[in-house]
Amino acid sequence: MSVVEAPPTQLETTERSPGRSLGSFLRDSEIDTRMVGMIAVLVVIWIGFHIISGGTFLTPRNLWNLSVQTSTVGIMATGMVLVIVSRNIDLSVGSMVGVVGMVMALLQAEILPDIVGRGTAWMWIVVLAIGLVLGGLIGAFQGVMIGYVGVPSFIVTLGGLLVWRGFAWLTASGRTIAPMDSTFQLLGGGSRGSLGEAGSWIVGGVACLGIIAFLMSGRRRRRKFGFRLRPMWLDATLGVLGCGFVLTAVWVTNSYYLPENLARAVAEERGIPWPEGGLLIPLGIPYPVLILIAVTLVMAFVANRLRFGRYIFSIGGNPDAANLAGINTRRTIVKTFMVMGILAAISAAVSIARLNAAVSGLGTLSELYVIAAAVIGGTSLSGGIGTVSGAVLGALVMQSLQSGMVLVGVDAPLQDVVVGIVLVTAVAIDTIYRRRTAHR
Amino acid sequence: MTGSTNNPATDQVPLVEMRNMSVSFGGVHAVNDVSIYLQPSEILGVVGGNGAGKSTLIKTLSGAQKADSGQIYVNGEPVTINTPRDAKALGIETIYQTLALADNIDAPGNMFLGRELLTRTKTLDDSAMEDATRRIMGRLNPKFQNFKSPVSSLSGGQRQSVAIARAVHFNARILIMDEPTAALGPAETEQVRELIRQLKREGIGIILISHDIHDVFDLSDRISVMLQGKLVGTVSRGEATMDEILAMIIIGKLPGEVTRSELAELHG
Amino acid sequence: MFKRRNLALMAVIAMMIAACGGDGADTTTATTEATGTTAATTTTEATTETTAATDDEIIVGVSWNNYNEERWAKWDEPAMKAAIEAGGGSYISADAGSSEEQQITDVENLISQGADVLIILAQNVDAIRPAVASALEQGIPVIGYDRLIADPGALYVTFDNVGVGRLMAEVIFEQVPTGNYIIIKGNGSDANSDFLRAGIEEVIGAAVAAGDITIVGETYTDNWDGALAQTETEQFLTQANNDVQAVISENDGMATGVVAALEAQGLAGEVKVSGQDGDLTALNRVALGTQSVSVWKDARELGTAAGEAAIALAGGATLADIAGTIQFEAPDGTMMTSIFLDPHPITPDNLNLVVDAGWISVEVLCEGVTAGSVAVCG
C-alpha cells in the first residue's frame, strides 16, 4: 500500500464558531438533549400539580402510586419503540394483554387450583411462564405474517386487535376472574408487593455503582482509542446527578410507610407491642417498578448494544440498505414482534396482579397509550428514530398528567382532551426541532 | 478493430467472468445471454441507455438479484451468488447508486452494517468500529470529521466517501461502482476518479457503470455496451472513438459496421 | 410473492370470520362492523338458533345490540325463549354487532321474516326510533328492552336503573349516614351512569346539602374499566388522606378496582363499597365483607317479562291491557307505558337468594370465607 496511515485523532485544535462548538460538544459528550428537555417538562408538570393539589402530588405516597400506575404502559412502551423504529406498528397490544391476562387469570383462579389447590409456592412461576410463552407465540405469529408473508403491520395487528380480543372474551365468556394467587399478586404492587427498606437501599446502591461503572468504562474505552474524553467535570456531574437521582428515588419509596391498619396487623402478627408514634414500616421499591426498570435496562441494552437492535434501526432507516448489507430483515421483524408479545404478557401479569382480577375489558385501548408514550418519548412514526428511555419517560409524563388530573378533580372527558392535546403538541415540537437541526 | 473481445485471452485467469447471464421479469428479457469478464487492475466500463439492463446484470454479481441462467467465475472457479453476503464473501463489494446507507445511523455504523465488530461478550463494539472508521476515512478523506452524527446530516460527497470506504475496507478484490459521480460536484468527482485510479494501481478490478460517457471513456480500459438486454460488444481503449461508442449505445452497431452519416446523425 | 400476499390476506380474513363464528351459529348473518363508540369492539357472532315457526304461530323477532356480552346468551335469551314458547310462539333474532346502522337493517329483516312483534335492545336509542316508528305503523308492536326508546307506542320493559342507584345508595347510606364519600361513575357517554347517579342523589342529596356527607371525589370512568377505577380510587384516597368512609361504585367491575385500592391501604371491609350486576366475584366479596351490596338484576326476570308481553301484544292486546305496567315520564317528556322490574340488592343477609336462584354456586360464593361468618356458607 502506498498510502500512509494517519495517526489516531488526538485532541482537535481547529477553530470553530461558538455555536458549532456547543453542538459538537453535546454530540461528543453523547448527552441526549431531547431527554433533558422531557425531564424538564416532567418537573414542570409535577411542580404544577403539587401546587394545584395543595401539596399532595409530591408526597411519597402519591409518587409511589404513580410509579406503579406507570408500569403497565411503560413496560410495553419499551417494545413499541422498536416496533415503530422498524417502520411498523402494533395495534394489537391491548388485545394481547387481554387474552394473555385472561389465560393467566383462569389458570391461577380456576384451572390449577382444581388440580393442586391454592397457595403453592411455584404456581406464580408456572402461570407467568405460560403467559410469556403465549405472548411470544402470538407476537411471533404476527411477526411472520408481517415479515415473511408481507402483509402490512397495520393490517395484521388491526386484525389481531379484533381476533385476540375475541379470544379473550371466548376464554371467559365475559366474566371477571378472581382472585389471583397470593404470590402472583405481589407482581402488582399493593401493600405486600414491594422490596422493603433494606432491599430498596441495596438496589439503589447497586444502581449507583452501576452508573459510576458505566461512566468510568465510557472514559476507559475512549481513552483506549484515543478519542476525545468528556471533561472530567462533566462526567463527575453526571455521576453525581445520576446517583443523586437514584438514591433520592429510593429514599422517596422508603418514605412511604405501610398504612396504619396494615401496620397494626403486622405488629400483632409479630407480637410487637404498638409503639407511641406508630410502627413505621417503609414499603420501598414496588415490584412492578422493579420489573419496569429491569425491562427498560434490558430493552435499552438490546437496542443499543446488540446486533438485533442495530438491525432494527437500519431497517427503519433504509430497508434496502439493510437487505443489501446482508441483514436477514424478515427474521428481525419476527423477533421484534415476538418481543412485543412477551412484553405485553409481562404487562398483563402486572395488570391482573394489581387489580387482583382479570376483567373482560382488560387492556382495551392500551395500544393507543403505549404508542402515545413512545411517540411523546421521541420515537418517529416514519421509523428509524427512537429511544427506550424516552418512551418510558413518555409513559411517565402521560401518567403524571392523568393521575394528577384525577387528584385535583378534573373529570374524565376533560382528561382525555388534555392528553390528546399534549400528544399532538409533543409531536409538533419534535417535528419542528428535527426539521431545524436537519439543516446544519 | 472489430471490438468483440468478449472472451478473455487464455493465458490470464480473469478476476471475474460472467458467462451467458440471463434475467427475465415476467417474459421481458432484462438481461439476454450476456458475457463479460474483468481482469485484475482493470477498469471495465459497462454502459448503455435506460433499460439496457446494465444495472440488472451487475446486480447478479453483487448478489442483489438472482440470475435465471448463466454462470459466474471468480478467479477461474465457478461460484454461486444468491445473496449480498455471498458476494461479499467472494471479495465483491458494491457501491450502489443510492449508496445504500442507513440515514439514521452514523458513519461507523454504516461502515460495518451487517458485519459489525463485536466484543468478547458478543455486544456491539462501537468504539472499535469508530476507531477503524477513523483510520479508514483518514486514508481516503482526511477532512471527514463527523463520526457521531447520522449520515443524513452529511453532504453528498461525504456520504459518497463513506460508501466507498465501506466497499474498499473489506479487502475487496472486485469493486462495482454504479454511477459513482452522478451526485457530485467537479472537485469531488475528481477525487473519486483519482481514487478509482489508485485502487486500480493496487490490483483491484473495477466495474464502472456510468451515464457519463466522458468519465467512462477516460477511466476505462475496456467498455462493454448493452442495448435492450443484449451485449452489443466490448471494445478496448483505443479501439473506438467516443462517437463510435455512442453509436453502439444508441444504434447498437459496432465500430466496423456503423456508417459516417449515422455517426453524424447522433449529434442531431 | 404476489400470490402469497393474497393468500395471507385471505388467511387473516378467514381468521377474523372464524373468530366471529363462535358457537356454531347459522342463519341470519350479521356483518360485523366495529363502529361502536366504546372500545370494547368484540367480534360478533352470527345469530343464535331459531325455533321453527308454523303458519299461525306468533313469531317474536328480537334485535340484540351486541350479543357478545355474557348476560344476553346466558340469562336473558333462554328466559325470553322459554316464555315465548310457553305462550305458543317462536323466536327469531338478529345481532347488530354494536352498529346502530346494522340494527336498523336487522329490524327490517326481522319484519320481512314475518315477525309479529319486536323486542329491541337498542344500541342507540335515538337512532333506532325511525325504525321503531315504521314498525308501529305497520301494526307490529314494539318492546324496548332494558334501554329506553322514547316512542309512546312502544312498551318499555326494564329494571329501573334509577331504582338501582337508589337501592345501592340506600344500603350504603344506612351504614354510613355521615362521612366522606367517593362516587365512581361509569362511562361518561352512557346514559345509565347518569340514571344511577340520579338514584344515588335521591338518597344522599339531602345529607350532602346539610353537610353530613361530603363527596371528596366523583368521576366518570372510561369504559366502566376496573383498572381505571382502581387508579381513580387511589388518587382520591391520597387526596383525602384516607379519610373516606364509603365508595359508591356504579357497577361490580369497577368495584373490583375500588376494593383493590382499598386493600392496598388496609381499608377493605372498613370502607363500605357498593356495586351492581351480581358479578360472581362481587358476590364473593359481599360474602367476604369487602363489598356491602351488589344490586342484582335477575336478567331472567327481564327476559320472561318481555317474552310474555310480546306474546300478549302480538295476540292483539293493547299497551293498556298488559299487566303490571305504569306510566313513566321519560327525560324528554314522553309518557311511556313501562314495566319496571325490581332489582334485588344483595347484602350479606340475603345471599341465599342468589344461591337458591341458581345464579352462583356455594363454592364460588364462599371462596375464602372464614367458617361461621356467613350463614349461607356454613
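Cut-offs and rules
- Residues numbered from 1 in each chain as written.
- Chains lettered and ligands numbered in written order.
- Predicted model: local features only at pLDDT ≥ 70, side-chain atom pairs only at ≥ 80, totals over all residues.
- Heavy atoms only, no water.
- Domains from an automatic or database assignment.
- Contact = heavy atoms within 4.5 Å.
- Buried area = accessible area lost by both parts, 1.4 Å probe.
- Salt bridge = Lys/Arg side-chain N within 4 Å of Asp/Glu carboxyl O.
- Polar contact = N/O pair within 3.5 Å; in protein donor to acceptor, adjacent residues only side chain to side chain.
- Helix = DSSP H or I, 4+ residues; strand = E, 2+ residues; numbered from the N terminus.
- Nonpolar A, V, L, I, M, F, W, Y, C, P; charged D, E, K, R; others polar.
- Pairing = 2+ DSSP bridges.
- Axes fitted to C-alpha atoms, helices over the stretch in contact; angles between N-to-C directions.
- Core = buried A, V, L, I, M, F, W, Y, C linked by side-chain atoms within 4.5 Å.
- Buried < 20%, exposed > 50% of the residue type's maximum accessible area, 1.4 Å probe, protein only.

A. View of the domain arrangement of chain B. Residue and element names in this part refer to chain B. Entries for chain B in the domain assignment read domain 1 (4–91 + 173–266) and domain 2 (100–171). In this assembly, 13 residues from domain 1 lie in contact with eleven residues from domain 2. For the pair domain 1 and domain 2, the two sides together bury roughly 880 Å², of which 60% comes from carbon and sulfur. Interface area lost by domain 1 to domain 2 is led by Lys88, Leu175 and Leu195, which between them contribute 37%. Taken together, domain 1 and domain 2 are joined by zero salt bridges. The interface formed by domain 1 and domain 2 holds two residue pairs in polar contact (both at pLDDT 80 or more) in total. Contributions of two or more residues to the side of domain 1 that touches domain 2 are made by α2 (84–89), β7 (174–178) and α6 (186–201). Of the residues forming the side of domain 1 that touches domain 2, the biggest block, four residues, is contributed by α6. Residues of the side of domain 1 that touches domain 2, tallied by class, amount to seven nonpolar, two polar and four charged.

B. Here's a closer look at the sheet that holds strand β11 (residues 326–329) of chain C. Residue and element names in this part refer to chain C. Read from one edge to the other, the open sheet built from seven strands follows the order β2-β1-β3-β4-β5-β12-β11, with strand pairing classed as mixed. Bordering the open sheet on either side are β2 (89–95) and β11, each of which pairs with just one other strand. Here the average twist between neighbouring strands, direction ignored, is 30°. In the sheet, strand β1 (residues 58–64) pairs with β2 via seven bridges, with the strands oriented parallel. Among the inter-strand pairings, Val60 is bridged to a residue of β2, identified as Tyr91.

C. The arrangement of the nonpolar core in detail. Counting residues in each nonpolar core, the largest one holds 103 residues, and the members touching the most others are Ile75, Met80, Met104, Ile177, Phe184 and Ile352 of chain A. Leave out the neighbours within four places in its chain, and Ile177 of chain A touches Met102, Ala105, Leu106, Ala109, Glu110, Ala172, Ala357 and Ala358 of chain A together with Thr281 of chain C. Core analysis: the second largest hydrophobic core is formed by 36 residues, Ile172, Met254, Val259 and Val293 of chain C among them.

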